[in-house]
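Summary of the model geometry
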Amino acid sequence: MSLRAPSARVICSLPRHITKAQCLRSNAQFLIPSYQWRSLATQQPPQDDRIDPITMHRLAHERREYYKRRSYYAGTGFVLGMIAIWITASSIDLPNKPTKLDSGRRTDDPMVVLGKERKVVVQKLGEEPEEVVDTVETGTSTIPTFPRILDFYDDERESIGNGMGPGQLDDRLVEYQLVGLGIRTVSFLGIQVYVVGMYVATDDIASLQENLIRKINPTASTLVAGEKDTLKDKLYDPEEGVEIWNDVLQKSGVRTLIRIVPTRNTDFHHLRDAWVRSLTARAQSNKKEFGDEQFGLSMGEFKKLFNRGSVPKGKELLMSRDKKGKLAVWYDDGKTGAQRLGQILDERISRGIWMNYLAGKTVSSEGARKSIVDGVMEFVERPVGTVATQVV
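Small disclaimer: the values here were computed from a predicted structure and weren't measured.

Quick word on the overall build of the protein chain
Summing up its helical and strand segments, the protein chain has 13 helices and 14 strands in all. When each of the 392 residues of the protein chain is scored for burial, the buried share is 37%. Just so you have it, the protein chain exposes about 24,500 Å², and 54% of that area is on carbon and sulfur atoms.

Digging into the packing of aromatic side chains
Two measures describe an aromatic ring pair: the distance that separates the ring centres and the angle between the ring planes. Counted under the stated rule, the structure contains nine aromatic pairs. Consider the rings of Y66 and Y67, whose centres lie 5.1 Å apart with planes at 70°: the pair is edge-to-face. On the accessibility criterion, Y66 (40% relative accessible area) is partly exposed. Seen from their ring centres, F268 and Y331 are 5.2 Å apart, and the 75° between their planes marks the pair as edge-to-face. Here Y331 lies in strand β13 (residues 327–332) and F268 lies in helix α8 (residues 268–285), a separation of 63 residues in the sequence. Summarising the burial analysis for this pair, F268 and Y331 share the class buried. Joined through ring pairs, the aromatic side chains of F268, W275, F302, F306 and Y331 make up one cluster. The aromatic ring of F146 is capped on one face by R259, whose charged end is 4.4 Å from the ring centroid.

Here's the deal with the nonpolar core
Residues W245, W275, F302 and M319 are the most contacted members of the largest nonpolar core, which totals 55 residues. With seven residues, helix α12 (residues 366–380) is the largest single contributor of residues to this core. Those residues in contact with F302 that sit more than four places away from it in its chain are R272, W275, V276, L279, L327, I344, I349 and I353. Grouped together as the second largest cluster of nonpolar side chains are 18 residues, F152, A201, L318 and A328 included.

Re the environment of D154
Note that D154 resides in the loop between β6 (149–152) and β7 (174–186). Sequence spacing of D154 and R321 is 167 residues, and the spatial spacing of their C-alpha atoms is 9.6 Å. Once you skip the residues sitting within four places of it in the chain, D154 turns out to touch S320, K326, A328, W330 and R340. Side-chain polar atoms of D154 contact the side chain of W330, separated by 2.8 Å.

Observations regarding the pairing of strand β14 (residues 338–344)
Summarising burial for β14: six of the seven residues are buried, a large majority. Here six bridges tie β13 to β14, and the two strands are oriented antiparallel to one another. Within β14, the position partnered with W330 by the bridge is R340. Count of turn residues in the β13/β14 antiparallel hairpin: five residues, of which G334 carries a positive phi of about 80°.

Examining helix α7 (residues 240–251)
The end-to-end C-alpha distance of α7, which contains 12 residues, comes to 16 Å, matching closely the 16 Å that a straight helix rising 1.5 Å per residue would cover. Within α7, the full set of buried residues consists of G241, V242, I244, W245, N246, D247, V248 and L249.

Examining a nonpolar patch on the surface
The grouping of F78, V79, L80, M82, I83, I85, W86, I87, F188 and L189 at the surface amounts to a nonpolar patch, some 1,100 Å² of accessible area in total. Note on placement: F188 falls in the loop between β7 and β8 (191–201).

Section: the side chain of D204
You can see D204 is positioned in the loop between β8 and α5 (205–214). Excluding its chain neighbours within four sequence positions, the residues that come into contact with D204 are G253, V254, R255 and K323.

A look at the packing of helix α10 (residues 293–305) against helix α11 (residues 347–358)
Close contact between α10 and α11 brings their axes to 9 Å; oriented N to C, the two are set at 65°. Here α10 lies roughly perpendicular to α11, going by the angle between them. Crossing geometry of α10 relative to α11 is assigned as right-handed. Residues Q294, F295, S298, M299 and F302 of α10 lie in contact with α11, whose contacting residues are R348, I349 and I353.

Re the pattern of salt bridges
The tally for this structure, following the rule as stated, stands at 18 salt bridges. Note that K326 is salt-bridged to D154, the shortest N-O span being 3.8 Å. With K326 in the loop between β12 (316–321) and β13 and D154 in the loop between β6 and β7, this residue pair connects regions lying 172 residues apart in the sequence. Comparing K326 with D154 shows no difference in burial state: the two are buried.

With respect to the packing of helix α6 (residues 225–236) against α12
The contact between α6 and α12 brings their axes to 11 Å, and the two run at 150°. Here α6 is positioned roughly antiparallel relative to α12, judged by the angle of their axes. Crossing handedness for the pair α6 and α12: right-handed. Contact residues: K228, L231, K232, L235 and Y236 in α6; E366, R369, K370, V373, D374, V376, M377 and V380 in α12. Looking at the contact of α6 with α12 residue by residue, the classes come out as seven nonpolar, no polar and six charged.

Some remarks on the pairing of β8
β8 sits mainly inside the fold: 10 of its 11 residues count as buried. Examined bridge by bridge, β7 and β8 share 10 bridges and lie antiparallel to one another. If you follow L178 over to β8, its bridge partner there is Y199. The antiparallel hairpin formed by β7 and β8 contains four residues in its connecting segment, where S187 sits at a positive phi of about 65°. As judged from the seven bridges shared by β8 and strand β9 (residues 256–262), these two strands associate in the antiparallel manner. In the strand pairing of β9, G197 is matched with R259.

About the criteria used
- Residues numbered from 1 in each chain as written.
- Predicted model: local features only at pLDDT ≥ 70, side-chain atom pairs only at ≥ 80, totals over all residues.
- Heavy atoms only, no water.
- Helix = DSSP H or I, 4+ residues; strand = E, 2+ residues; numbered from the N terminus.
- Buried < 20%, exposed > 50% of the residue type's maximum accessible area, 1.4 Å probe, protein only.
- Areas by Shrake-Rupley, 256 points an atom, 1.4 Å probe, with all protein chains shown as cover.
- Phe/Tyr/Trp six-rings, centres within 6.5 Å; stacked < 30°, edge-to-face > 60°.
- Lys NZ or Arg CZ within 6 Å of the ring centre and 35° of its normal.
- Core = buried A, V, L, I, M, F, W, Y, C linked by side-chain atoms within 4.5 Å.
- Contact = heavy atoms within 4.5 Å.
- Polar contact = N/O pair within 3.5 Å; in protein donor to acceptor, adjacent residues only side chain to side chain.
- Pairing = 2+ DSSP bridges.
- Expected span 1.5 Å × (residues − 1).
- Patch = residues over 30% accessible without salt bridge, like charges linked within 9 Å, V, L, I, M, F, W, Y side chains within 5 Å.
- Salt bridge = Lys/Arg side-chain N within 4 Å of Asp/Glu carboxyl O.
- Axes fitted to C-alpha atoms, helices over the stretch in contact; angles between N-to-C directions.
- Parallel < 35°, antiparallel > 145°, perpendicular 65-115°, else oblique.
- Left-handed = near helix turned anticlockwise from the far one by under 90°.
- Nonpolar A, V, L, I, M, F, W, Y, C, P; charged D, E, K, R; others polar.

Okay, here's the thing in structure tokens:
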């Protein structure tokens, strides 16, 4: 006899498939369908609207960078605007002040010239003849013209304080003819500083012609087209141009002038410093010629000569070089008349200043060099001695 309880014996006596089905039905009540499991797995956690500190820091950094860029752009625009205003204001020519009636100078006179300007007689049909100053356009409205012919004479007695100026005695005047001119500019903006022109004594043009022609053809009295091109190429060459002009200035005895008229207010120190840099560079590159003590003393005299004040716009500075290379400096401030500032006997000083406009890898005014070379080409294409005759 089995030890199980009666109820257990009854259950066990039932068929096996009945009990198994009942167990399955009872367990199925607690099972979760598979599609419900998938929905629970893909369900995202609830979102939090609060911003974490890292995000706050990144947003604050981006905001600072944004305003920093704005400040950079605003500052750049302000600087460029001021530069544009300055360029516009400096390029506009204001009308000149009316000239007083007792000044002895007409309002249409181009510029007070040290010496005397050459005038030509112009007569239109049916009108009275009129004397007009023979001038050349400079290319700038500030100083529109330069005289083509100057009458000038340098005398040591005509110094500061004696009330005299060059050209007071007509019998001593020497006629000079303009060879070429140009504008001195500085910086990448091309700011104009002064107009510079080179003059040569009319009586010495034949000597200038002869010395330049002999550089190409020693037996010729004039140059033909191909020879002119050869001479022009040599004058533009950084080394051959220096050699040619050095030889011409040293050996030809040609009297020349450098005339400078500022297009804006400047001073003697600014003008002097540019020439001193050029002379110093030339001395360092050729210590054999410029390395002696005398050249150092001459440089000191030259610096002292230009140790002065301002040079207003439109006032004239004239430097002359005589047959021996002596440098004489004249200045007309428009008030007391032309005054002789002084002289330098060492011809290397004047030659170095002249070379600053004539030859080398870089010159103070490329326009002046080009104009001077073009003027020289007009000389050498004519027979020696004929240019002076035509000028007179």
